[in-house]
Every structure is written in C-alpha cells, then in structure tokens.
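# Remarks on the overall topology
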Amino acid sequence: MHPRAYRLVFPEPGQRRTPSVLRVRSAAPPPSGPGPSDQAALALEPRELWIAAHVPQLPLLALRAGSKGGGSAPLVVVDPEDHHQHIIDADENALAAGVCIGMTLGAALAAAPRIEPRPRDAARELVLMQRLAGLAATFTPQVSIDSPDALLLEIKSSLALFGGLRALCRQLRDACRADPVLAQIHAEPRFTLAPTALAALVAARAGARCFITDVNVLPARLKPLPLSTLRWPEQQNARLAAMGVRTLGELMRLPRAGFAKRFGVTMLADLDRLLGRRADPRRRLVPRERYRGRRDFDHEITDHERILQALSPLLDELEQFLRERQRGITALLCRFHHYRAEPTRCVLRLAAPEANAQRLRSLLRERLATLALPEPVRRCDLRSGALMEHALTSKPLWSPGERGHAPAGEMPALIEHLRARLGAAAVYGLARVAEHRPESAWRVAEPALEAAAARVTATTAGGETARRPLWLLHAPQLLESQRGRPRHHGALELLAGPERIESGWWDGADIQRDYYVASDVSGARLWIYRECTRQKCWFLHGLFG
Amino acid sequence: MPATDQQLSQLLAHPSVWRGRSRAATETLPTGFAALDAGLPGGGWPRHGLIEILTPQPGVGELYLLLPVLAALSQASPARWCTWISPPHEPFAPALEAHGVALSRMLVVRTPTPLWAHEQALRSGACEMALAWLPRASPRAVRRLQLAAEQGRALGVLYRSQRYASEASPAMLRVLLDPIASGEHGARVSLLKSRGGSREPIVLKWSAAAA
C-alpha cells in the first residue's frame, strides 16, 4: 500500500474508499467468496440502523407543561447555569419580535423589551424524554437519550418482528402520536433514519428529511446540513466559520491530518462516527425498576369510587409501564395525602404477579371499601413493589371445571379478591404438623397456588388419627360436672377412652390430658378431656361433626 | 299427530325441564354412601348448584356427610379448591387428612360477610366446592348463590340451622340432618326438597363411609 493512502480522508461519493488509519471497523464484512469486488461489498446491508427522534422546542414545551395557562408575553428560555445567558428557546411571539435563538438575553431585551425570560426546567425536560424513551422501548431494547432533546433507537434487530422498516417507523410514529401526555403539550418528535447514530441525530436536529439505509450515500446527503447540528463547542464552530466552513460538506473536504492537528482528535473521531468509520457505542437507557406515579386531585375527594376514578389514569400508566418490561407486580402502595392528617397508606398485595390495570382496579376497589380516611384526599402517590417475572399465558378454551379442565389463574384471583377486602390473615390454607398436642397438630398455611400433585393416602379407619374429631374448638370449653361426670346440655355418656396425651414440657405449653369420646343426649359425638392436674376439670375440645 | 308427540317428548327431554314425577337429569357426584346415593335424584350430589344442609346444631355429622365427596374432589388430578367460609370451629387438619382430604386444596375464609365471600368463591370458577355457614340468608340471597354456583360450575353447600326448615328456599336440594340418639354413630337424613328424591328418611352410619 502506498504511504500516501494513509493521508486521506473523507471519501466523496463515487470515489473509491481508501483505507484510513483511524478507521476502526470496515464498512464491509470480510469477503467470503473468491475475488469479491468493492461494488459487491458496498451493496451489503448496513450493520446498524438508527432512528433519531428529536423534539423541537423541548425547553418551551417543558415549561408549558409545567405551568397552566401562561401569560401572553413573548416567552424566551435561558439556561440558568449559562454565564452569558444565551437564549436557548423562544416562542413564536418572541421570534416575531426579533429574538433569535443563541443571542444573549441582553441583546434580546434590547431587541424586544416586552419578552419574559424564564429559566429552563431541565428536570421536566428529562421526564418528557423518558416518557418518549418508554414508548420507544417497546420497539427495541437499544434506546438512549442524547441529552437534552433527542432520542436514539437502534432498530436493525427489530425489523423482522415489526414487519419491515416502513411498518416499524409508522408504528413508532403512531405510538408517539397516541400518547396522551405528549399529545397534550403538542410535542411532535421528528424522526430520521440513518445507518449511524450521529448522522440520524444531525439530520433530526437540522430538521432535514432523512431516510437512509446505505452508509455510502451518507456523505452526499449530509453535505448541505449546517455545522451547528454537530453541537460542537461554540468557540470551535466560530473558528470553523472563520475558515469558511459552514456546512458538513465543507467540513468533510478538509484534510484529515490538518484537521486533527488544529481541532484535536476528539472532533475528528466525531466526524468518523458520523460517517460510520468508527464504532459509536451508545449507553443503553436502563428502565426504572419501580413505578412511581403521582396525581394531584383538582379538589378534595372523599368518595371511594371517585378516588378510584381519579386513580384510573395512573393505573393505566402502570399497566403500560409493566407491559413495556414484560413484568408484573405483587405489591402496590397507595399513599393518600390529606390537608392536615398524616397520609393514609394502603398496601395491595397480590398472590401472583399481575400487570392488568382492570384487575388492579377491581382489587383496589375492594381494598378501598374497607379503608377509613380521616380527611378528604388531596393527592395520591402510587408506588409499585419490585417487578417480577410475569409469564403471559393464553386463556384456556374451556371454562374451568368444564371437561376436567385445570383452573388457570382463578385461584390467585379469588384469594386476592377476598384478601383485598378481608385482610391477608382472614384467608388461609391448612397444613398438618407432626405433633401430639391437638392444638399444635395443625397450622395456618399460605394457600399453595401451584397445583401440586396432592396425593393423600387415607390411613386406616382404626388408626390414631381416625379417632380425632373433624372440628376443633378455638379454645377448649370448660364443662360443668356433676359428681365427677361431665355435662353438656345434659349428661354425657363416655364411649371411648381414655387416651392420654402428655406432651410439650419443652416449650411451656405443657399438657397432661385424658381424652374421651362422649355422646350427648341428642346423639352428637364430642371430644372431651379431663385435666390430669389436681383440679380434674372437664373440657370440650372437639366435635365429631 | 305422532310428529307432535315426538316434538313434545324432545322438548320434555331438555335438562332444564323438570316434571314432578320424573327425576331430573343432572350431572351428579356419588356421595360415598350407598343408601344416600339410592335416595338422591340422579344418584348423588348435584355436580354444580346449591344444596342446603339444615342441622339442629353444629357437630351432628354435617361434615361426615360430605367427607367422601371432599376427599374425592380434592384428590382429582386437576383439583380445584374447596373453600370453607366462616366455619363455626377450626377444621381439624389431621382428621381431615386421615379421611383422605388433600389439605393443599383447602382454603378457609374468616369473614363478617360470609354471603359475599360465598358468592365470590362460587362465581370465581376456582372452587370445586364452597361450604358456608350463614347465620341467616334471605331467599333472594340464596337465589344469588344458586346462580353464582351455576355460573362458576361449583357445588355450593349452605349450612343453616334447622329453624329455617319451614322457609322456602331456591336451593336445588335441601337436606335435614338429625343425629341418632343412641346406638352407632350416624344420622338420619331427610330430603326436604329434591327433584324426585326419596321421601323416606335415610339412615346413614358414618363408619360406613370411613371404610
């Protein structure tokens, strides 16, 4: 290779590509067949396809979203951290009055004294971009926010799923238009498509139409765009402008070595990223792991049904949030704020991960029905618990119980429904404990949701447990006795016994009892015992129901 | 004329048509007691619907009556649940297990509003059986339960006091249970309301079921 070949630089369309030392990755994959021509390599598919979504006038939109019904004065936005107070955004009235984006506030006030300067609301801008990113995340996992006002999506790997490039772009655009929050503030993102992230971004910021999939036509298409779209420091832009470089095309024409020497390698690297000569990895946006929503009510609400109605948008938002992540939640915390009283907390716990707003709403309705509110509610915060894996299942063809069909999700639904109204402790399953003391021989268990193959072998009728009653009283009931014989609605006849149970000296609940099976006058069978201590009292402990 | 006869018999063969002298064609579950199977319409408890069991007091064998069904349903391979709604005492787990009832399919609900919980359980489709102990229930409420049981394809069992025996009830089957005062542990079952069941009281021995 001739040493001169290392000197160049930016290939123009139509020219043969010349290898460059700064090129990190080749545009064409390694040749597989014998003698592939350059032309064949150029026609190959690009490795990446980026969509950039730029929200024009984001600072202004964010301010308008924050304040309800602004004044009529022309509005300009300045960055409070900017020393020179450059104007970063201005509304139509201000622009008509002669204000330009980029002029200092002093100059703007001189041009139009009536303008109303406002500091930018960076936090709200970020919230809006995150909302947009949330929508974009349904199309691809590779979403990143290019602060402050653009979003980048790598969509090459999602094309097959969404039915091709055009279908995907259309769905993305429709999703953004359908979003209520973005529609409310009239945010209309501009979309561009390019094989490199920076090229898509530059075109979007310039407001140019750009739908390019071929990396080789990129330089030609980017040529007319202004230099400022690269968002290099103002000082460097001024230097380049002084050299007569105002567009990207003019920039590409500069010699590479000289450019690197004058402006540094980082700016050269930017240019290489722009044209796909250098890898441009972007940090992926990691979605939040909890949902948080907040709603200020227009007026104070006392009625449960209206609270639920007011919470509905938040629940829909929660559903959307969960669906994007394919997750479900098992806990939901609502906090109702009052005027004076401490906030009321209301926790909804679910037996299985859930992502359906309709189900959550009906559970919340049950939960709210039992909630006592000390004062009317002014504001409500909604916070989800940790996100859980949520396997989506199809609905069965048969209704449960029909044709021996297994239940599918009705049980968790029933348990949640009952617990939402009655509390968690009121709904329980049963489990056996290997214990001789009757009151310790069973315990309350969490209902087993998975349909374990519960096989029970019935013990023989003569076994010890067959002599146990089906009902156990919550607490043994003292029986009156007459001359040592127990009485319960009449004299009791002892049928079987005694069976001595003497156990529990190790945990303080020591018992020494003689159990008998007795029959009362009506014929009902009772399980009674006599204390083996000094008093020899009779107690009723169970019923052979 | 023969054509209309045929049409008429086709109409009458419809399961929702019941005539006083015929036994209703309903899906049933064997009760586990041969004598009771013979006396009940269709040869067992209805597969879904609401039945009422009236007892003079708790502890007279109201659970023994249903134990074989409970055991069979809870051990079925895709078993649905059996829900106990505000039982008067604690169901004693070791004894239930000894009679072959799968404890993992049991659910106990303690509630001040048993009617609501019973309706939810019956309607949900998650329960095979829902047993409820109600202090009182209006015929209208019982009708709601009956509809819920049909919708959820579940067997609802309502335990009520003997005092309500004279009241009208929309339940499919009403059973009065009387303990036998002397002799072997058992009870006398009279069908207060049934679609073509036995009119004589049926005497059951609980030991017969356990065997």
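See the structure printed just above.
Nothing here was measured: the structure is a model prediction, and the numbers come from that model.

### Let's talk about the overall build of chain A
Check the secondary structure of chain A and you find 17 helices and 20 strands. Burial statistics for chain A: of 545 residues in total, 31% are counted as buried. The long-range fraction of contacts in chain A, counting pairs at least 24 apart against all pairs at least 6 apart in sequence, stands at 56%.

### Remarks on the pairing of strand E11 (residues 377-384) of chain A
All names here are of chain A. Bridging between strand E8 (residues 292-301) and E11 involves six bridges; their strand directions are antiparallel. Following the sheet pairing, Arg 295 is matched in E11 by Cys 380. The sheet contact formed by strand E9 (residues 327-337) and E11 spans six bridges and is antiparallel. Bridge pairing in E11 links Cys 334 to Leu 382.

### Examining the packing of helix H15 (residues 304-325) of chain A against helix H16 (residues 357-369) of chain A
All names here are of chain A. Between H15 and H16, whose axes approach to 10 Å, the crossing angle comes to 150 degrees. With respect to each other, H15 and H16 are oriented roughly antiparallel. Considering only the axes of H15 and H16, their crossing is right-handed. Listed contacts from H16 to His 304, Ile 307, Leu 308, Ser 312, Leu 315, Asp 316, Leu 318 and Glu 319 of H15 are Ala 357, Leu 360, Arg 361, Leu 364, Arg 365, Leu 368 and Ala 369. Partitioned by chemical class, the residues of the contact of H15 with H16 number nine nonpolar, two polar and four charged.

### Points about the sheet that holds strand E7 (residues 127-133) of chain B
The mixed open sheet is built from 10 strands, whose spatial order is E14(A)-E13(A)-E6(B)-E4(B)-E7(B)-E8(B)-E3(B)-E9(B)-E10(B)-E11(B). Pairing within the sheet leaves two strands with one partner each, and these edge strands are strand E14 (442-445) of chain A together with strand E11 (202-205) of chain B. Each neighbouring strand pair of the sheet contributes to a mean axis angle of 25 degrees, computed without reference to strand direction. Taken together, the four bridges between strand E4 (residues 81-85) of chain B and strand E6 (residues 106-109) of chain B define a ladder with parallel strand orientation. Note that in E6(B) the partner of Trp84(B) across the bridge is Val108(B). Most of the contacts of helix H5 (residues 114-124) of chain B go to E7(B), to which it runs at about 170 degrees, and overall it touches E4, E6, E7 and strand E8 (155-161) of chain B.

### Focus: the nonpolar core
Side chains of a nonpolar character, in soluble globular proteins, are inclined to be buried together. Counting residues in each nonpolar core, the largest one holds 115 residues, and the members touching the most others are Ile528(A), Ile51(B), Cys127(B), Met129(B), Ala130(B) and Val157(B). Among the nonpolar cores identified, the runner-up in size contains 64 residues, and Val55(A), Val78(A), Leu218(A) and Leu271(A) belong to it.

### A word on unusual backbone geometry
All names here are of chain A. Its identity as a non-glycine residue notwithstanding, Gln 57 has a phi of 55 degrees, on the positive side. Inspection of the secondary structure puts Gln 57 in the loop between strand E1 (50-54) and helix H2 (58-66). Here Gln 57 falls in the buried class, since 20 other C-beta atoms lie within 10 Å of it. In the Ramachandran plot, Gln 85 falls in the positive-phi region, its phi being about 55 degrees despite a non-glycine side chain. If you trace the backbone, Gln 85 turns up in the loop between strand E2 (75-78) and strand E3 (87-90). Residue class for Gln 85 comes out partly exposed when judged on the 19 C-beta atoms lying within 10 Å of it.

### Remarks on the packing of H5(B) against helix H6 (residues 139-151) of chain B
When two helices pack together, their arrangement is given by the angle between the helix axes and the distance between those axes. Residue and element names in this part refer to chain B. At a closest axis distance of 7 Å, the pairing of H5 and H6 adopts a crossing angle of 20 degrees. Accordingly, the angle class assigned to the pair H5 and H6 is roughly parallel. Of H6, the residues touching H5 (which contributes Leu 115, His 118, Glu 119, Leu 122 and Arg 123) are Ala 141, Arg 144, Leu 145, Ala 148, Ala 149 and Gln 151.

Parameters at a glance
Note that residues are indexed from 1 along each chain, following the sequence as it is written. Chain letters start at A and ligand numbers start at 1, both assigned in the order the entries are written. The predicted nature of this model means local features are confined to residues of pLDDT at least 70 and side-chain atom pairs, given and counted, to a pLDDT of 80 or more, with totals for whole chains, interfaces and linings taken over all residues. Secondary structure counts use DSSP, requiring at least four H or I residues in a row for a helix and at least two E residues in a row for a strand, with both numbered from the N terminus. Here exposure depends only on C-beta density: within 10 Å of a residue's C-beta, 20 or more other C-beta atoms make it buried, 12 or fewer make it exposed, and intermediate numbers make it partly exposed, the C-beta atoms being placed from the backbone. A pair of residues counts as a contact when their C-beta atoms, built from backbone coordinates, are within 7 Å of each other. By this definition, two strands are paired if DSSP reports at least two bridges between them. A fitted line through C-alpha atoms serves as each axis, taken over the contacting stretch for helices, and the angle formed by two N-to-C directions is quoted from 0 to 180°. Any angle that is under 35 degrees is reported as roughly parallel, and any over 145 degrees as roughly antiparallel; angles of 65 to 115 degrees are reported as roughly perpendicular and all others as oblique. Here a crossing is taken to be left-handed if its near helix is turned anticlockwise relative to the far helix by less than a right angle, and right-handed if that turn runs clockwise. Nonpolar residues are Ala, Val, Leu, Ile, Met, Phe, Trp, Tyr, Cys and Pro. Charged residues are Asp, Glu, Lys and Arg, and all others, Gly as well, are polar. Throughout this description, the term nonpolar core refers to a group of buried Ala, Val, Leu, Ile, Met, Phe, Trp, Tyr and Cys residues whose C-beta atoms join them within 7 Å.

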